[in-house]
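Read off the chains here:
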Amino acid sequence: MMRDENCIFCRIIGGEIPSNTIYEDDDYKVILDNGPATKGHALILPKEHYRNFYDIPEELATGALKLAKKLMVRMTDVLKADGFHILQNNNEAADQSVFHYHMHLVPRYRGDQGLLSYKPLPVTKEELAALKEELTER
Ligand SMILES: [Zn+2]
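Scoring rules and cut-offs
- Residues numbered from 1 in each chain as written.
- Predicted model: local features only at pLDDT ≥ 70, side-chain atom pairs only at ≥ 80, totals over all residues.
- Helix = DSSP H or I, 4+ residues; strand = E, 2+ residues; numbered from the N terminus.
- Contact = placed C-beta atoms within 7 Å.
- Expected span 1.5 Å × (residues − 1).
- Buried ≥ 20, exposed ≤ 12 C-beta atoms within 10 Å, placed from the backbone.
- Arc of directions from axis to C-beta.
- Pairing = 2+ DSSP bridges.
- Axes fitted to C-alpha atoms, helices over the stretch in contact; angles between N-to-C directions.
- Core = buried A, V, L, I, M, F, W, Y, C linked by C-beta atoms within 7 Å.

**As for the overall build of the protein chain**
Moving on, step 1. Counting its regular elements, the protein chain contains three helices and five strands.
Moving on, step 2. N-terminal to C-terminal, the α/β element order of the protein chain is α-β-β-β-α-β-β-α.
Moving on, step 3. By principal-axis analysis of the C-alpha atoms, the protein chain measures approximately 55 × 40 × 25 Å.
Moving on, step 4. Taking the contacts inside the protein chain whose residues are at least 6 apart along the sequence as the reference set, 56% of them involve residues at least 24 apart.

Right under this line is the structure:
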């Protein structure tokens, strides 16, 4: 099992640091975030240490997404949430702060503080067309 001694999530998975676990199987542990954005904010942690989505094997990433769906349905029901974020940050520039792959499960409630507001960037039709060219796989 891949593990990094200096990684806080590896230490939580190993049981050295206590956590509020809401789900666990052979490959994943799901814990409540200690600094929740909303009530019920949880994190899916693969038990093996991978830095982020760039590094994680596809099967483990797929499994995390399947688990996210299952938990989203259950959490929405139990918490009476009105919506839900599945959120996953990669690298510092994208607000990743713990470098062990994790997926945020964030229940949303009407009138809560929100967490993803941004001002749309100004963009021209030409810029969008150029980007489309650059990003379309041939
Ligand atoms: Zn780790």
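**Some words on helix H2 (residues 58-79)**
Since one α-helical turn is 3.6 residues long, residues separated by three or four positions face the same way.
Moving on, step 1. The first and last C-alpha atoms of H2 sit 30 Å apart over 22 residues, in line with the 32 Å expected at 1.5 Å per residue.
Moving on, step 2. Taken as a whole, H2 has its buried residues at Ala 64, Ala 68, Leu 71 and Met 75. What you see down the axis of H2 is that its buried residues fit within an arc of 95°, all on one side. Exposed residues lying more than 90 degrees from the buried face of H2 are Glu 58, Glu 59, Thr 62, Lys 66, Lys 69, Lys 70, Val 73, Arg 74 and Asp 77.

**Things to note about the pairing of strand S5 (residues 103-108)**
Moving on, step 1. With respect to burial, S5 is a largely interior element, five of its six residues being buried.
Moving on, step 2. Bridge count between strand S3 (residues 42-46) and S5: three bridges; the pairing is antiparallel. When the sheet's bridge partners are listed, Leu 43 is paired in S5 with His 104.
Moving on, step 3. One ladder, built from five bridges, connects strand S4 (residues 83-87) with S5; its direction is antiparallel. Bridging from a neighbouring strand, Ile 86 pairs with Leu 105 of S5.

**Topic: the sheet that holds strand S1 (residues 21-24)**
Moving on, step 1. Ordered in space as S1-S2-S3-S5-S4, the five strands form an open sheet in which the pairing is antiparallel. Each end of this open sheet is capped by a strand with a single partner; those strands are S1 and S4. Strand-to-strand twist in this sheet, taken as the mean axis angle between neighbours without regard to direction, amounts to 15°.
Moving on, step 2. Pairing analysis gives five bridges linking strand S2 (residues 28-32) to S3, with the strands arranged antiparallel. Counted as the bridge partner of Leu 32 is Ala 42 from S3.
Moving on, step 3. Here H2 sits on the sheet in contact with S1, S2, S3, S4 and S5, set at roughly 20° to S5.

**Brief notes about the nonpolar core**
Moving on, step 1. By size, the foremost hydrophobic cluster in this structure holds 17 residues, and its most contacted members are Val 30, Leu 43, Ile 44, Leu 45, Ala 68, Met 103 and Leu 105.
Moving on, step 2. Those elements giving two or more residues to this core turn out to be helix H1 (8-13), S2, S3, H2 and S5.
Moving on, step 3. Once residues within four sequence positions are removed from consideration, Val 30 is found in contact with Thr 21, Ile 22, Tyr 23, Ala 42, Leu 43, Ile 44 and Leu 71.

**Considerations on the environment of Ala 129**
Moving on, step 1. Note that Ala 129 resides in helix H3 (residues 125-135).
Moving on, step 2. Judged by local crowding, Ala 129 falls into the exposed class, with 10 C-beta atoms found within 10 Å.
Moving on, step 3. Through-space distance from the C-alpha of Ala 129 to that of Tyr 50 is 35 Å; in sequence the pair is 79 residues apart.

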